[in-house]
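Observations on the three-dimensional arrangement
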Amino acid sequence: MIDLRSDTVTRPTPAMLAAMMAAPVGDDVFGEDPTVNALEEKAARLFGMEAALFCPSGTMTNQLAIRTHVRPGDEVICDQISHVYLYEGGGIAVNALASVALLAGERGKITPELIAPAINNPADVHRPVSRLVSLENTVNKGGGCYYTLPELAAIRQLCDAHGLALHLDGARIFNALVETGDAPEAYGRLFDSISICLSKGLGCPVGSLLLGSGTFITQAKRFRKLMGGGWRQAGFLAAAGLYALDHNIERLKVDHARARQIGQILANQPEVAEVLPVETNIVIIRLVDGLTNTEYIAKLKEQGILAVAFGPQLVRFVTHLDLTDDDVTAFEQLVSNQLMAM
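Here is what the cut-offs are and how they apply
- Residues numbered from 1 in each chain as written.
- Predicted model: local features only at pLDDT ≥ 70, side-chain atom pairs only at ≥ 80, totals over all residues.
- Heavy atoms only, no water.
- Phe/Tyr/Trp six-rings, centres within 6.5 Å; stacked < 30°, edge-to-face > 60°.
- Helix = DSSP H or I, 4+ residues; strand = E, 2+ residues; numbered from the N terminus.
- Buried < 20%, exposed > 50% of the residue type's maximum accessible area, 1.4 Å probe, protein only.
- Lys NZ or Arg CZ within 6 Å of the ring centre and 35° of its normal.
- 1 Å grid on protein atoms, 1.4 Å probe; cavity = no way out; pocket = protein on both sides within 12 Å on 5 of 7 lines; lining within 4 Å.
- Points joined across faces, edges and corners; volume = space filled by probe spheres on them.
- Patch = residues over 30% accessible without salt bridge, like charges linked within 9 Å, V, L, I, M, F, W, Y side chains within 5 Å.
- Areas by Shrake-Rupley, 256 points an atom, 1.4 Å probe, with all protein chains shown as cover.
- Salt bridge = Lys/Arg side-chain N within 4 Å of Asp/Glu carboxyl O.
- Pairing = 2+ DSSP bridges.
- Axes fitted to C-alpha atoms, helices over the stretch in contact; angles between N-to-C directions.
- Left-handed = near helix turned anticlockwise from the far one by under 90°.
- Contact = heavy atoms within 4.5 Å.
- Nonpolar A, V, L, I, M, F, W, Y, C, P; charged D, E, K, R; others polar.
- Core = buried A, V, L, I, M, F, W, Y, C linked by side-chain atoms within 4.5 Å.

Considerations on the packing of aromatic side chains
Evaluated as defined, the whole model comprises 4 aromatic pairs. Ring centres 5.8 Å apart and planes at 65 degrees place the aromatic pair Phe 47 and Phe 174 in the edge-to-face group. Pair noted here: Phe 47 is in the loop between helix H2 (34–46) and strand E2 (51–55) and Phe 174 is in helix H8 (residues 173–180), with a separation of 127 residues, a long-range link. Accessibility expressed as a relative area gives 0% for Phe 47, which makes it buried. Sitting above the plane of the Tyr 147 ring, Lys 109 keeps its charged end 5.5 Å from the centroid. If you follow Lys 141 out to its NZ or CZ, it ends over the ring of Phe 310, 4.7 Å from the centre.

Quick notes on empty space enclosed by the protein
Counted under the stated rule, the structure contains 1 cavity of 30 Å³ or more. Reported here for the largest cavity is a volume of approximately 50 Å³. As for the largest cavity, its lining consists of Gly 170, Ala 171, Arg 172, Ile 173, Phe 174, Asn 175, Cys 197, Lys 200, Gly 201, Leu 202 and Leu 252.

As for a nonpolar patch on the surface
A contiguous nonpolar surface patch, about 340 Å² in accessible area, is contributed by Tyr 85, Leu 86, Tyr 87 and Leu 102. If you trace the backbone, Leu 86 turns up in helix H4 (residues 83–86). On the basis of relative accessibility, which here comes to 37%, the residue Leu 86 falls in the partly exposed class.

A few points about the pattern of salt bridges
Enumeration over the complete set of coordinates arrives at 14 salt bridges. A salt bridge links Arg 232 to Asp 27, with the shortest nitrogen-to-oxygen separation between them at 3.2 Å. One end of the pair, Arg 232, is in the loop between helix H10 (214–226) and helix H11 (235–247); the other, Asp 27, is in the loop between helix H1 (14–21) and H2, with 205 residues separating them in the sequence. Among the salt bridges present, the one from Asp 74 reaches Arg 131, with a minimum N-O distance of 2.7 Å. Here Asp 74 is found in the loop between helix H3 (58–69) and strand E3 (75–79), whereas its partner Arg 131 is found in strand E5 (residues 130–136), with 57 residues between them in sequence.

Brief notes about the sheet that holds strand E12 (residues 308–309)
Spatial ordering of the open sheet is given by E9-E10-E13-E12, a layout of 4 strands whose pairing is antiparallel. Unpaired on one side and paired on the other, strand E9 (272–275) and E12 mark the two borders of the sheet. Here E9 runs beside strand E10 (residues 282–287); their pairing, made up of 3 bridges, is antiparallel. Within E10, the residue paired with Val 272 across the bridge is Leu 287.

Topic: the packing of H2 against H11
For the pair H2 and H11, interaxial distance at closest approach is 8 Å and the crossing angle is 35 degrees. The two elements H2 and H11 cross, and the hand of that crossing is left-handed. Mapping the contact onto sequence places Thr 35, Val 36, Ala 38, Leu 39, Lys 42 and Leu 46 in H2 and Gly 235, Ala 238, Ala 239, Gly 241, Leu 242, Leu 245 and Asp 246 in H11. In terms of residue class, the contact of H2 with H11 is made up of 8 nonpolar, 3 polar and 2 charged.

A short note on the nonpolar core
The nonpolar side chains of a soluble globular protein tend to be buried, and buried together. Within the largest apolar cluster, 55 residues are counted, with the highest numbers of intra-cluster contacts made by Phe 47, Val 133, Leu 135 and Phe 174. If you tally residues by element for this core, the top one is H11, at 7 residues. Contacts of Phe 47, omitting those with residues within four sequence positions, involve Ile 173, Phe 174, Leu 177, Pro 184, Glu 185, Tyr 187, Gly 188, Ile 194, Ile 196 and Leu 211. Ile 265, Val 283, Val 315 and Val 328 belong to the second largest nonpolar core, which has 24 residues in total.

A look at the layout of surface pockets
Each pocket or cavity is described by its volume, and for the largest pocket that value is around 240 Å³. Counting residues per element, the lining of the largest pocket draws most heavily on H3, which supplies 3 residues. Looking at the lining of the largest pocket residue by residue, the classes come out as 2 nonpolar, 11 polar and 6 charged. Estimates place the volume of the second largest pocket at around 190 Å³. As for the second largest pocket, its lining consists of 13 residues, of which Ile 81, Arg 107, Lys 141, Gly 142 and Leu 276 are closest to the centre.

A look at H8
Along an α-helix, residues three or four positions apart point the same way, because every turn accommodates 3.6 residues. Counted residue by residue, H8 has 6 buried out of 8 residues, so it is predominantly covered. Residues of H8 that are buried include every one of Ile 173, Phe 174, Asn 175, Ala 176, Leu 177 and Val 178, and no others. The inward-facing, buried residues of H8 contact H2, strand E6 (165–170), helix H9 (184–190), strand E7 (193–197), H11 and helix H12 (252–267). One or two steps after H8, the chain reaches Gly 181, where phi turns positive at roughly 80 degrees.

Regarding unusual backbone geometry
Of the consecutive residues Asn 137 and Thr 138, the connecting peptide bond is found in the cis state with omega at 0 degrees. Not every positive phi belongs to a glycine, and Leu 97 is a case in point at roughly 55 degrees. Positionally, Leu 97 belongs in the loop between helix H5 (91–95) and strand E4 (99–103). One non-glycine residue, Gln 313, lies in positive phi territory at about 65 degrees.

Printed below as a string of structure tokens:
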């Protein structure tokens, strides 16, 4: 099967597995796992931030960030298609006891002009206190689109003017960075907290990191424990993260090139009404009227291709390091076979 459901389906390469098996480990709850400590220090240094916390998932790092930034009854401002809102099980309500102000951005990207009217008057006892703005980069539901540094800086300026914290769901932040050429340290200067995922394009089996100030990470670590996130000899997993940060960032450009190829292939298929602009490693198509995504995905699967439904008549394909040029060639042939069978 050509699995294009997500970049989370990757398996560790032999070199990554070797690094994992050779990792020195200890008990991370006691702060004694040298490989976890090395990964946290490396990630924090990469983004110019004080500290980092290694966690099992990006959902946990996002939810820890929100829980640490806000108090019960506060409000989080984010786009209506944000992962933190749509795909984290209602965690903002459950973990942080906070409400959410949803904005209708452009493909999941929001602007100061959209954010400003959503900031509540802190003196108005009828409204929750606006405490945090959460951005996503790249935007999953937006087809992998990304912010430019000036766009982010303008939002930072607005947050500073209103005393708001700024969090980045950077699950695919490295996909954005290899396209823009921006330095990770530039993001560290703009955000109060950053969540980065290691198990997507970087190819690790498990793991995400939360970055922030030393005080912030100390508090987040307490909440991680509350959520059952303390783990022991996690260095075997952290070693994969160290390997990925050293070897798998620049190669994301290959994923992007293959995604553009797949987008061009799909654009030539009559059952595809639209291909969203392909900016990184995510391809989203809109099907023609009368064809459901359920029918289309079932036909793809018959031909040996896996994809996921992503909304009414929307289908998502994601490229990753387990995909090869031969797979892309086979994809084009199989998509044509699938069309003929419909």
